[in-house]
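Structural characterization, general
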Amino acid sequence: MKVDGYRLILASSGGERDGIALELDRDADGEQVAEVFEDGATGARTFRCYTDQPVPVEAIEWLIAQAQTHL
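Thresholds applied
Residues numbered from 1 in each chain as written. Predicted model: local features only at pLDDT ≥ 70, side-chain atom pairs only at ≥ 80, totals over all residues. Heavy atoms only, no water. Helix = DSSP H or I, 4+ residues; strand = E, 2+ residues; numbered from the N terminus. Buried < 20%, exposed > 50% of the residue type's maximum accessible area, 1.4 Å probe, protein only. Pairing = 2+ DSSP bridges. Axes fitted to C-alpha atoms, helices over the stretch in contact; angles between N-to-C directions. Contact = heavy atoms within 4.5 Å.

Once that is clear, we can look at the environment of L22. You can see L22 is positioned in strand β2 (residues 19–26). L22 gets classed as buried once you look at its relative accessible area, which sits at 6%. Each C-alpha atom of the pair L22 and A11 lies 6.3 Å from the other, and the pair is 11 residues apart in sequence.

What follows is the structure in structure tokens.
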């Protein structure tokens with residue numbers, strides 16, 4: 001399933017915030033609107049939203065489903 005107008009990006013992070021994230025970005029402008037982050041040390045997963053603009057529920061559901069499979 002893909003949600004029109006959005007894309008997912010898998011990103012790793014080192015240093016203070018060590019782990020991997022699946023990011024939800026808008027296709028039109030590349031703005032990161034949300035992420036699911038998995039902490040490399042603890043394995044804990046968190047969700048963060050980076051926008052105050054509306055995001056379709058289907059896009060958030062897609063992000064979470066893909067994070068459960070790929071993180």
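Following the structure, the description resumes.
Attention shifts here to the sheet that holds strand β4 (residues 45–49). Strand order in the open sheet made by the 4 strands is β1-β2-β3-β4, with antiparallel pairing throughout. Since the sheet does not close on itself, it has two edges, and those belong to β1 (6–13) and β4, each with one partner. Averaged over all adjacent pairs, the angle separating strand axes in this sheet is 20°, with direction ignored. Relative to β4, strand β3 (residues 32–39) runs antiparallel, the two being bridged by 5 bridges. Within the sheet, the bridge partner assigned to E38 lies in β4 and is R45. Each of β1, β2, β3 and β4 touches helix α1 (residues 57–70); the most contacted strand, β2, lies at about 155° to it.

Just distances and angles here, no functional claims.
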